[in-house]
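Listed below, chain by chain, are the residues.
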Amino acid sequence: MKKRMQKILAMLLAAGMTFSLAACTSSTDPDDGNSSAPESSAVDNSETPGGASSETLTVAINAEPDALYPQYAYSSSVGVVSTLMYDTLVSWDAENNCAVPNLATDWEWVDDTHFRLNLRDDVYFSDGDQLTAEDVVFSFQVTDYTGSGSSSYSRIFDLDNCVAEGDFTVVLALNSPYPIVADILAADVYSIISKDAVEAAGGEDAAARAPVNLGTGKYVFSEWVEGQYIKLVRNEDYWNQDELPYYQEVMLTFISDNTSRAMAVQSGDADVALNLGTTQVEGLEADSNVTVSVENTSTNRTMYMNCSDPALSDVNVRTALWYLIDAEAIRAIANSGFGELSETSFSQFCAVYAAPPADFTRTVDVEAAVELLNTAGYNESNPLQLSLLMPSEGDNETMAQLVQAQLEASGCIKVEIELLEIMTFLNQLWSGDYQLTITSGDQYDYEKLLYMVDGRIDPATASGGAQYDDAEFQVLLDECYTETDENARRELYAEIQAYLLENHIVIGICNQVAVTAYSADITGITINVAGVPDVTGMHPTG
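Residues numbered from 1 in each chain as written. Predicted model: local features only at pLDDT ≥ 70, side-chain atom pairs only at ≥ 80, totals over all residues. Heavy atoms only, no water.

1. Looking at the nonpolar core
Core analysis: the biggest nonpolar cluster contains 109 residues, and Leu89 and Phe140 have the highest contact counts within it. Trp322, Met390, Ala400 and Ile413 belong to the second-largest nonpolar core, a separate cluster that totals 34 residues. (Core = buried A, V, L, I, M, F, W, Y, C linked by side-chain atoms within 4.5 Å. Buried < 20%, exposed > 50% of the residue type's maximum accessible area, 1.4 Å probe, protein only.)

2. Here we look at helix H17 (residues 471–482)
Helix length check: H17 (twelve residues) gives 17 Å between terminal C-alpha atoms against 16 Å at 1.5 Å per residue, within 8%. Residues Phe473, Gln474, Leu476, Leu477, Cys480 and Tyr481 constitute the buried set of H17. All buried residues of H17 project into a common sector of 160° when viewed along the axis, lining one side. Pointing more than 90 degrees away from the buried face of H17 are the exposed residues Ala471 and Glu472. Buried residues along H17 sit against helix H15 (448–451) and helix H18 (486–503). (Helix = DSSP H or I, 4+ residues; strand = E, 2+ residues; numbered from the N terminus. Expected span 1.5 Å × (residues − 1). Arc of directions from axis to C-beta. Contact = heavy atoms within 4.5 Å.)

3. Considering the packing of H17 against H18
Viewed as axis vectors pointing N to C, H17 and H18 meet at an angle of 155°, and their least axial separation amounts to 9 Å. By the criterion of interaxial angle, the relationship of H17 to H18 is roughly antiparallel. In the crossing of H17 with H18, the sense of the turn from one axis to the other is left-handed. Contacts from Glu472, Phe473, Leu476, Leu477, Glu479, Cys480 and Tyr481 of H17 reach H18 at Arg489, Leu492, Tyr493, Glu495, Ile496, Tyr499 and Leu500. For the contact of H17 with H18, the residue count by class is ten nonpolar, no polar and four charged. (Axes fitted to C-alpha atoms, helices over the stretch in contact; angles between N-to-C directions. Parallel < 35°, antiparallel > 145°, perpendicular 65-115°, else oblique. Left-handed = near helix turned anticlockwise from the far one by under 90°. Nonpolar A, V, L, I, M, F, W, Y, C, P; charged D, E, K, R; others polar.)

4. A look at the packing of aromatic side chains
The final tally for this structure, using the stated rule, is 13 aromatic pairs. Here Tyr246 and Tyr247 contribute two aromatic rings whose centre-to-centre distance is 4.8 Å and whose plane-to-plane angle is 85°, an arrangement assigned as edge-to-face. Here Tyr247 falls in the buried class, since its relative accessible area comes to 4%. Here a set of aromatic residues connected by ring pairs shows up, and it is made of Phe140, Phe157 and Tyr190. One Lys or Arg, Arg155, reaches over the ring of Tyr451 and ends 5.0 Å from the middle of that ring. (Phe/Tyr/Trp six-rings, centres within 6.5 Å; stacked < 30°, edge-to-face > 60°. Lys NZ or Arg CZ within 6 Å of the ring centre and 35° of its normal.)

5. Side note on the side chain of Thr83
Mapping Thr83 onto the fold places it in helix H1 (residues 76–85). Under the relative-accessibility criterion, Thr83 is labelled buried at 14%. For Thr83, the side chain forms a polar contact with the main-chain oxygen of Val80, separated by 2.7 Å. (Polar contact = N/O pair within 3.5 Å; in protein donor to acceptor, adjacent residues only side chain to side chain.)

6. Some points on the confidence of the model for the protein
Summing up the model confidence of the protein, the mean pLDDT is 87 and the portion of residues at 70 or higher is 88%. Low pLDDT, under 50, characterises residues 1–23; the stretch is placed with 70 contacts to residues that sit more than four places away or in other chains. A low-confidence stretch, residues 144–150 (pLDDT under 50), is modelled with 16 contacts involving residues beyond four sequence positions or located in other chains. (pLDDT = per-residue confidence, 0-100.)

7. A few points about the packing of helix H11 (residues 327–334) against helix H13 (residues 396–408)
It is at 10 Å that the axes of H11 and H13 come closest, and there the two elements cross at 160°. By the angle between their axes, H11 is roughly antiparallel relative to H13. When the axes of H11 and H13 are compared, the crossing they make is right-handed. Of H13, the residues touching H11 (which contributes Ala329, Ile330, Ile333 and Ala334) are Thr398, Met399, Leu402, Val403 and Gln406. For the contact of H11 with H13, the per-class residue count stands at seven nonpolar, two polar and no charged.

Rendered as structure tokens:
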């Protein structure tokens with residue numbers, strides 16, 4: 001045991017939206033060798049009103065987690081718990097769009113497929129075990145068990161060859177060059193867990209249900225009453241005392257219904273309600289006892305057309321669909337008008353977003369769509385038969401019906417809607433058995449957005465995507481995969497977005513927003529780089 005011893009090129013969005021890593025001193029260029037991380041810009045919470053208290057924060061979440069392993073990537077409720085119990089190697093500086101130190105103090109490229117990080121030597125798990133490089137390696141390699149999170153790890157990292165160099169240095173091996181690796185490590189799915197605690201619990205299955213001493217975060221696991229709540233207690237020995245949270249306990253209660261979750265705050269049964277619907281905003285704003293937060297996330301709703309399908313491999317058909325989709329109307333339904341429209345799979349809140357030309361316009365044109373469909377051989381007597389695959393959750397059924405109506409307005413298309421439970425949906429997506437789908441892609445790992453339009457990458461690795469197979473485009477993708485110079489990469493990303501738009505490989509809709517309601521006498525909620533609400537900084541407004 002390790003006890004306490006120790007073209008569109010150059011058309012980039014204005015300043016705040018661009019890839020402003022110039023404000024950070026770290027480099028994504030392996031050729032730079034020593035690429036020290038910048039000093040952390042984390043907010044100092046030591047002046048939280050009243051200091052650390054003995055109070056309890058009750059948070060209503062939309063679903064009971066399947067497990068409390070941060071590597072379970074497909075549950076928003078797991079992400080919420082991860083921000084409370086676990087730490088990541090780096091944090092994300094949203095103001096400057098760059099990674100800053102957290103568990104890792106600095107990092108450097110060994111070569112283009114090996115990334116070395118030095119760890120703090122003063123971080124401990126709640127049982128007194130010291131965090132070491134061995135725990136970091138274990139946290140990556142254990143994803144072979146979790147399955148749901150492993151795609152992110154195995155897609156990027158050569159897991160078998162990630163190694164510890166002594167107690168406080170780790171070298172992450174990559175399958176291929178991945179210049180933004182430091183940035184993605186800020187996401188909660190890359191949280192670090194204790195190897196010894198997992199083994200003491202009896203293995204991964206037991207630890208995932210009762211993660212005692214598993215993390216180094218601001219809260220530690222106390223109790224899980226299935227179907228009712230999860231109780232966490234403040235980690236009084238948290239390594240960063242400046243960020244010790246105000247609330248002594250956090251009670252996470254499970255309320256699946258959006259209306260009931262909001263009412264819990266209005267009645268005083270809960271202090272915070274997460275993941276509410278945008279249709280609830282207006283009503284909640286009328287309640288003076290409640291504060292409503294509507295925050296943009298970089299997660300982007302995008303329609304992916306499976307270009308390996310014979311019909312959708314025709315650019316005339318894809319362009320016709322572009323003319324028929326009314327993104328503004330979908331935003332009105334899906335987001336109640338909140339958020340920003342997107343042209344492609346890159347949202348305006350992505351670090352490498354490139355704005356379209358000033359003369360770009362997006363209008364619905366049914367007549368132009370019909371002409372293109374007729375050219376492709378489709379008409380009222382011989383309509384194009386399409387299926388739209390969506391998960392059966394949230395507002396997806398309403399959104400699917402709207403898309404169906406928009407496409408069928410041409411008279412030349414018939415759309416069948418398939419609504420599936422989330423894991424069934426994902427399995428079908430990963431198999432490549434779909435024509436159209438609307439998915440919400442995280443933008444912090446924007447290199448994955450390239451995978452999702454690269455026809456050489458299998459659907460399971462690409463999470464579905466466009467499966468677009470074009471030699472000219474693949475040359476551009478390959479340049480972007482391997483380019484390490486920041487400015488050159490930004491130009492390549494701008495070219496890629498221009499190509500996506502010109503060839504209508506994807507149809508951007510809008511970014512998602514995070515709607516939270518909480519008692520008017522508290523404040524301090526934030527949204528992390530992966531779009532997950534973080535309540536660790538909440539405190540009274542006084």
